[in-house]
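What the coordinates show
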Amino acid sequence: MKDNRNSDSGGIKEEINKIPEKGPFRRDYWRSPLRGPWFASFMSLLLLIVIPIVFITGLIDHVAWNPDLGGNNNRTPDMGILGFLTGIEWPTRPIWLYRLTEGMHVVLGIALLPLVLGKLWAIMPSLYKWPLADSLAHALERISLLFVIGGIFFQIFTGLFYIQNFIILHNVKFNQLHFYGNWIFIGGLVLHVLVKFPVMIDGLKNRDTSEELSKSRDETEPEPEEEGRLVSTDPAEPTISRRGAIAMVGGGALTLMGLAVGQTLGKKWSRMAILSPRAQTLPGNGPNDFRVNKTAEYAGITPEMAGPDWRLELVGRTTRRLSRDELLAMPQYTSSLPIACLEGWSTGNQNWEGVRLRDLAKLAGMPDAGKVLFESMEEKDSAARESYMRHNQIQDPLSLLALRVNGADLSMDHGFPARTIVPATPGNRNTKWVYRITFMEEA
Ligand code: HEM
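Digging into the overall build of the protein chain
- Broken down by element type, the protein chain carries 12 helices and 10 strands.
- A buried classification covers 48% of the 443 residues belonging to the protein chain.
- Taking all contacts inside the protein chain whose residues are at least 6 apart in sequence as the whole, residues at least 24 apart take part in 72%.
- For the protein chain, the exposed surface amounts to about 21300 Å²; the carbon and sulfur share of it is 60%.

Some words on the site of the ligand
- If you check the shell around the ligand, you find 24 residues, and the closest are Asp61, His62, Arg75, His105 and His178.
- His62 places a polar side-chain atom, nitrogen or oxygen, 2.5 Å from an oxygen atom of the ligand.
- Note that an oxygen atom of the ligand is positioned 3.5 Å from one of the side-chain N or O atoms of Tyr162.
- Going through the elements one at a time, helix H2 (37–64), helix H3 (97–127), helix H4 (136–163) and helix H6 (174–205) are the ones with two or more residues in the shell around the ligand.
- Residue classes in the shell around the ligand are distributed as 12 nonpolar, nine polar and three charged.

Considerations on the coordination of the iron atom of the ligand
- Protein coordination at the iron atom of the ligand comes from His105 (NE2) and His178 (NE2), with a distance range of 2.0 Å.
- Coordination geometry of the iron atom of the ligand: the six donor atoms subtend angles of 86 to 179° at the metal centre, consistent with an arrangement described as octahedral. Taken together, the positions of His105 in helix H3 and His178 in helix H6 put the pair 73 residues apart, joining distant regions of the chain.

Focus: the packing of aromatic side chains
- Counted under the stated rule, the structure contains 14 aromatic pairs.
- Relative to Trp183, the ring of Phe84 lies with its centre 5.9 Å away and its plane at 65°, an arrangement referred to as edge-to-face. You can see Phe84 sitting in the loop between H2 and H3 and its partner Trp183 sitting in helix H6, a full 99 residues away along the chain.
- Overall, Phe84 belongs to the exposed group, its relative accessible area being 52%.
- Counting every residue linked through ring pairs, the aromatic cluster contains Phe25, Tyr29, Trp30, Tyr128 and Trp130.
- Sitting above the plane of the Trp121 ring, Arg35 keeps its charged end 4.0 Å from the centroid.

With respect to the sheet that holds strand S1 (residues 312–315)
- One open sheet accounts for five strands, arranged S2-S1-S10-S5-S6; its pairing is mixed. One side of each edge strand has no neighbouring strand; the edge strands of this open sheet are strand S2 (319–322) and strand S6 (386–390). Here the average twist between neighbouring strands, direction ignored, is 15°.
- As paired elements, S1 and strand S10 (residues 434–440) share three bridges and run parallel to each other. Of the residues in S10, the one forming a bridge with Leu314 is Ile437.

Digging into the pairing of strand S5 (residues 371–376)
- In terms of residue burial, S5 counts as a mostly covered element, since six of its six residues are buried.
- Burial of the side chains of S5 extends over both faces: Lys371, Leu373 and Glu375 are buried on one face and Val372, Phe374 and Ser376 on the other.
- Bridge count for S5 against S6 is five bridges, and the pairing is antiparallel. Paired with Glu375 across the bridge in S6 is Glu386.
- Pairing between S5 and S10: six bridges, direction antiparallel. Directly across from Leu373, in S10, lies its bridge partner Thr438.

Considerations on the domain arrangement of the protein chain
- Segmentation of the protein chain into domains returns domain 1 (8–264) and domain 2 (296–440).
- Of note, the centres of domain 1 and domain 2, computed from C-alpha atoms alone, are 41 Å apart.
- Every contact between the two is made by 31 residues of domain 1 and, on the other side, 34 residues of domain 2.
- Of the roughly 2600 Å² buried where domain 1 meets domain 2, counting both sides, 52% is carbon and sulfur surface.
- If you sort the residues of domain 1 by the area they bury against domain 2, Leu69, Thr92 and Ile95 come out on top, with a joint share of 24%.
- Across the salt bridge formed by Asp68 and Arg390, the nearest N and O atoms sit 2.7 Å from each other.
- Taken together, the links from domain 1 to domain 2 amount to 19 residue pairs in polar contact (both at pLDDT 80 or more).
- When contributions to the side of domain 1 that touches domain 2 are tallied by element, the ones reaching two or more residues are H2, H3, H4 and helix H8 (242–265).

With respect to unusual backbone geometry
- Here the bond from Trp130 into Pro131 is cis, since omega is -5°, no more than 30 degrees from zero.
- With an omega of 10°, the peptide bond between Phe416 and Pro417 qualifies as cis.
- Residue placement: Pro417 occurs in the loop between strand S8 (408–409) and strand S9 (419–421).
- In the Ramachandran plot, Asp78 falls in the positive-phi region, its phi being about 60° despite a non-glycine side chain.
- On the secondary structure map, Asp78 appears in the loop between H2 and H3.
- Owing to a relative accessible area of 79%, Asp78 belongs among the exposed residues under this scheme.
- Although it is not a glycine, Trp433 adopts a positive phi angle of roughly 55°.

Considering the packing of H2 against H6
- Running from amino to carboxyl end, H2 crosses H6 at an angle of 150°, the nearest separation of the two axes being 10 Å. One finds that H2 runs roughly antiparallel with respect to H6. The element H2 and its partner H6 pack so that their crossing is left-handed. Touching Pro37, Trp38, Ser41, Phe42, Ser44, Leu45, Leu48, Ile51, Phe55, Leu59 and His62 of H2 are Phe179, Asn182, Trp183, Phe185, Ile186, Leu189, Val193, Phe197, Val199, Met200, Gly203 and Leu204, all from H6.
- Looking at the contact of H2 with H6 residue by residue, the class counts come to 18 nonpolar, five polar and no charged.

Scoring rules and cut-offs
Residues numbered from 1 in each chain as written. Predicted model: local features only at pLDDT ≥ 70, side-chain atom pairs only at ≥ 80, totals over all residues. Heavy atoms only, no water. Helix = DSSP H or I, 4+ residues; strand = E, 2+ residues; numbered from the N terminus. Buried < 20%, exposed > 50% of the residue type's maximum accessible area, 1.4 Å probe, protein only. Contact = heavy atoms within 4.5 Å. Areas by Shrake-Rupley, 256 points an atom, 1.4 Å probe, with all protein chains shown as cover. Near = heavy atom within 4 Å. Polar contact = N/O pair within 3.5 Å; in protein donor to acceptor, adjacent residues only side chain to side chain. Nonpolar A, V, L, I, M, F, W, Y, C, P; charged D, E, K, R; others polar. Donors = N, O, S within 2.8 Å, 3.2 Å for Na, K, Ca; no water. Tetrahedral: all angles 85-135°; square planar, octahedral: opposite > 155°, others 65-115°. Phe/Tyr/Trp six-rings, centres within 6.5 Å; stacked < 30°, edge-to-face > 60°. Lys NZ or Arg CZ within 6 Å of the ring centre and 35° of its normal. Pairing = 2+ DSSP bridges. Axes fitted to C-alpha atoms, helices over the stretch in contact; angles between N-to-C directions. Domains from an automatic or database assignment. Buried area = accessible area lost by both parts, 1.4 Å probe. Salt bridge = Lys/Arg side-chain N within 4 Å of Asp/Glu carboxyl O. Parallel < 35°, antiparallel > 145°, perpendicular 65-115°, else oblique. Left-handed = near helix turned anticlockwise from the far one by under 90°.

Have a look at this one:
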């Protein structure tokens, strides 16, 4: 009986040990002569340039919502120590700040896809290493890889689905997935980089990069076999040079960026953004013919709600109800500002006319209000239905309760009878179809 068990477990062990001889676990299964430490390190370098920018602009998006003001400005409540960024005062200048940072986030985020695929291709043989881990440290490193690889695909696909308006992601709270996913990914990445950074530097130092990039396909030699598992033991003839492979990956990234950046640049450039749904609603020439994320019909706003009976409720030390005509009778100012959407698209500057928010604060008896709440008539239970802003946003002379745009009354889709427009502020923090503004003492 005992003997039988021994021979069984011996059999299993033997079978397990045979795995390296099978399929992709065999080192000679991977035959590309391009693979090796230099090539993998070069791919890592590209990622290490782009990922930090995407990470930092993602955090900037988080701060731009002023999450510490509460309400639906904070889309990830209970974030514990991850809330260390809350409390930073989001500035109102330069006016294109959010347009730039969110545009970079989305455009470079999309460009990550070919870079990640290129890097995965370069290191494929080491993913099929057997045994999977030969020490505790090695096991931890492999586990961190799960977070890194799974994490980056998770971030890319949640981001892509969101900007493509896949309604399913709106239902499962994109922000929570993308925000917490971000920290899981970055945690794994930091661990991975700590372990692998010296390896990357060695990989790059081992060869002269400019010489490597100057080699044609026929001059492409495999890296020396003893330089590690990535190098094939049975290399095939090269079908492309290393510089060709890098150009293919970089070209893929640049093409995707080219197809996305038009939506951030706005105007006629948006025609280039053929993969972006919002760029497809091509603007006409009228004063209100620029993009919206949500129409009045979608938000449940009827002409009656926005008709002559509409009143703005202004709450502070005193409460007032103002008609549109009364608002138009107040001093009017013009601000030239873009709508810069969370999804990375932007409209270019529009000339908004209306009442300064700081004049409304004075009228409500709270000239030094620390915080303000805007409420919309919008019926959908969306983040855009209410928005908090802080002192600096109220006080900025360009911050308006806009009544007109580009010389005409606001259209229903752009927020008639009144909407807010505040410099450098994410599109959906600018409330459309406002019905109440409440100024408060403390931020
Ligand atoms: C390495 C990959 C990425 C990382 C680490 C990352 C990280 C982040 C972070 C931390 C936020 C702030 C989330 C919040 O506060 O709720 C964010 C927002 C956002 N990300 Fe990413 N992201 C990545 C890739 C992408 C990609 C590929 C896209 C789209 C193609 C994308 C689209 C967005 C959008 C649209 C927002 C704004 C959401 C909003 O404000 O409602 N991200 N990202």
